[in-house]
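# Per-entry structural report
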Amino acid sequence: MLIRVLGSAAGGGFPQWNCGCPNCLGVRRGTIRARPRTQESVAVSADGDSWFLLNASPEIRQQLESFSKLHPRSPRDTPIQGIVLTNGDLDHSLGLLSLRESQPLALYATARVRSGFTEGNVLYRTLQRFDGQVSWHELSLAGDAKTLNLLGGAPSGLTLRAFAIPGKAALHLDQSHPEAGDNIGILIGDTRTGKSLAYMPAAGASSAEVVTAAAEADAVFFDGTFWSSDELIALGASKSRAEDMAHWPIGGTQGSLRFLAQWSQARRVYIHINNSNPILQEDSVERAAVHAAGVEVAFDGMELEL
Ligand SMILES: [Zn+2]
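Below you will find a few notes about this structure. It should be emphasised that the depicted structure is a prediction, and the values quoted were computed from it without experimental measurement. (Residues numbered from 1 in each chain as written. Predicted model: local features only at pLDDT ≥ 70, side-chain atom pairs only at ≥ 80, totals over all residues.)

### A closer look at the sheet that holds strand S13 (residues 295-297)
Rules: The criterion for strand pairing is that DSSP finds at least two bridges linking the strands in question. The secondary structure listing takes helices from DSSP runs of H or I that are at least 4 residues long and strands from runs of E that are at least 2 residues long, numbered from the N terminus. Every axis corresponds to a line fitted to the C-alpha atoms, with the helix fit spanning only the stretch in contact, and the corresponding angles, defined between N-to-C directions, vary from 0 to 180 degrees.
Taken together, seven strands build an open sheet; the order of strands is S7-S8-S9-S10-S11-S12-S13 and the sheet is mixed. The sheet terminates laterally at strand S7 (146-149) and S13, the two strands that pair on one side only. The mean angle between the axes of side-by-side strands here comes to 25°, regardless of whether they run parallel or antiparallel. Judged from the four bridges that link them, strand S9 (residues 184-190) and strand S10 (residues 196-200) form a sheet pairing that is antiparallel. Bridge pairing in S10 places leucine 187 opposite alanine 198.

Below, the structure written as structure tokens:
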């Protein structure tokens, strides 16, 4: 399985347009050791020719152009065979509206994420301009891995299993009646090599299903949004703690780094990194702590082969 990180930042990207925090200022001015990042999205493939996207970021056009394997091979074409949504956040779904140029799309999501995107959303009509423009494949949270098929119907060589992760519905949706399908992780398997990727870009906490996926996978991509609970409060940028936003902070005795450190059978990679996070600075003590635990920090253009 080939894995290509198209974007590694949390919502807003790095730097964020309206943010003057030390990280964003520093990366704009070139005064810190850090590289800009677009919003989280990953491409996976069994054969290097047919690809599936995990999430569709607002920067999808730039991200697809950045990777030649995703370029069209004829006047109207795309190697993209499907797009999997892990939740309904705008940084994960807004890019779908940018793929409106009369191209059939196969979208994989829970019923909850699908309805959050399609209901009451007049802009969704741009993806309903002809029959078959979008085909939805509902992800259920019970059961075994399912074959991911190419648009033509043949097996892609990849399988997908979805599972619930502690989290929240997107901010712009009704959050008063949470459901398990609001936020999921996925396990992508390669039928030829038997290797698998556990993709969990938003996790509010651990759970039995998070543990099972991390223990099983050969690569674990995990929620790297915040280093500490009060990161945004300390900057004066928000009144919310990381946990209020359903993100498990990396640092501290209860942090996700301690959790990830134990799964040494897997490549472990933090992704969905908020611009306030000190691990973005390559010479920070927080980055050093991540590396010391055997965990990597995703960057745009990062590639793994399992
Ligand atoms: Zn910032």
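Text resumes after the structure shown.
### Quick look at helix H4 (residues 111-118)
Here is the rule: In this scheme the burial state of a residue depends on its C-beta neighbours within 10 Å: 20 or more other such atoms mean buried, 12 or fewer mean exposed, and anything in between means partly exposed; the C-beta positions come from the backbone. Contact definition: two residues whose C-beta atoms, as placed from backbone geometry, lie within 7 Å.
Residues of H4 that are buried include every one of Arg112, Val113, Arg114, Gly116 and Phe117, and no others. Residues of H4 that are buried in the fold lie against helix H3 (90-93), strand S5 (105-109) and strand S6 (134-138). Remark: glycine 120 follows H4 within two positions and exhibits a positive phi of approximately 70°.

### As for the environment of isoleucine 250
Note that isoleucine 250 resides in the loop between helix H6 (231-235) and helix H7 (256-261). Placed 188 residues apart in sequence, isoleucine 250 and glutamine 62 show a C-alpha to C-alpha distance of 29 Å. The residues contacting isoleucine 250, other than those within four sequence positions of it, are Gly224, Phe226, Trp227, Gly255, Ser256, Leu257, Tyr270 and Ile279.

### Topic: the nonpolar core
Heads up, the rule is: In this usage, the nonpolar core is the set of buried Ala, Val, Leu, Ile, Met, Phe, Trp, Tyr and Cys residues whose C-beta atoms join them within 7 Å.
Core analysis: the biggest nonpolar cluster contains 79 residues, and Val44, Leu197, Val220, Phe221 and Tyr270 have the highest contact counts within it. Contacts of leucine 197, omitting those with residues within four sequence positions, involve Met1, Ile3, Val44, Ile188, Ala217, Ala219, Phe221 and Leu306.

### Remarks on helix H1 (residues 22-29)
We count it as follows: It is the directions from the helix axis to the C-beta atoms that the arc portrays.
Of the positions making up H1, those classed as buried are Asn23, Cys24 and Val27. For H1, the angular spread of the buried residues around the axis is 95°, confining them to a single face. After H1 finishes, the residue glycine 30 shows a positive phi value of roughly 75°.

### Considering the pairing of strand S8 (residues 155-164)
When S7 meets S8, the two strands line up antiparallel, connected through four bridges. Residue pairing in the sheet places leucine 148 in a bridge with leucine 158 of S8. The turn linking S7 back onto S8 is made up of five residues, and glycine 153 within it adopts a positive phi angle of 110°. Pairing geometry for S8 and S9, over seven bridges, is antiparallel. Residue leucine 158 lies in a different strand from S9, and its bridge partner there is aspartate 190.

### Describing the environment of alanine 202
By the element assignment, alanine 202 lies in the loop between S10 and helix H5 (208-216). By C-beta crowding, alanine 202 is classed as buried, having 29 other C-beta atoms within 10 Å. Alanine 202 sits 61 residues away from leucine 141 along the chain, and the two C-alpha atoms are 16 Å apart. Once you skip the residues sitting within four places of it in the chain, alanine 202 turns out to touch Thr86, Asn87, Ile165, Gly167, Asn183, Asp223, Ala246, His247 and His272.

### A word on the pairing of S10
Formally: A crossover counts as right-handed when, viewed with the strands pointing away from the observer, the path leading from the first strand over the helix to the second turns clockwise.
Taking burial as the measure, the five residues of S10 include five buried ones, the bulk of the element. A two-sided burial pattern is seen for S10, the buried positions comprising Ser196, Ala198 and Met200 on one face and Leu197 and Tyr199 on the other. Here S9 folds back onto S10, and the loop between the two strands holds five residues, one of which, glycine 194, carries a positive phi near 75°. Summarising the sheet, S10 and strand S11 (residues 219-223) pair through four bridges and their orientation is parallel. Bridge pairing links tyrosine 199 to phenylalanine 221 in S11. Following the chain from S10 across H5 to the adjacent parallel S11, one finds a crossover that is right-handed.

### Quick word on the environment of valine 210
With respect to the helices and strands, valine 210 occurs in helix H5. Taking the C-beta count within 10 Å as the criterion, valine 210 has 25 such neighbours and is therefore assigned buried. Distance from valine 210 to glutamate 303, taken between C-alpha atoms, is 23 Å for residues 93 residues apart in sequence. Here valine 210 is in contact with Ile165, Gly185, Met200 and Ala203, once residues within four sequence places are set aside.

### So, unusual backbone geometry
The step from phenylalanine 14 to proline 15 runs through a cis peptide bond, and the omega angle for that step is 0°. Relative to the helices and strands, proline 15 is located in the loop between strand S1 (2-7) and H1. The phi dihedral of serine 102 falls on the positive side, at around 55°, and the residue is not glycine. With respect to the helices and strands, the residue serine 102 is situated in the loop between H3 and S5.

### Quick look at the sheet that holds strand S3 (residues 51-54)
The sheet built from seven strands is open, its strands ordered S6-S5-S4-S3-S2-S1-S14 with mixed pairing. Of all strands in the sheet, those bounded by a partner on one side alone are S6 and strand S14 (303-305). Sheet twist, expressed as the mean angle between neighbouring strand axes with direction ignored, is 20°.

Worth remembering: the numbers are spatial, not functional.
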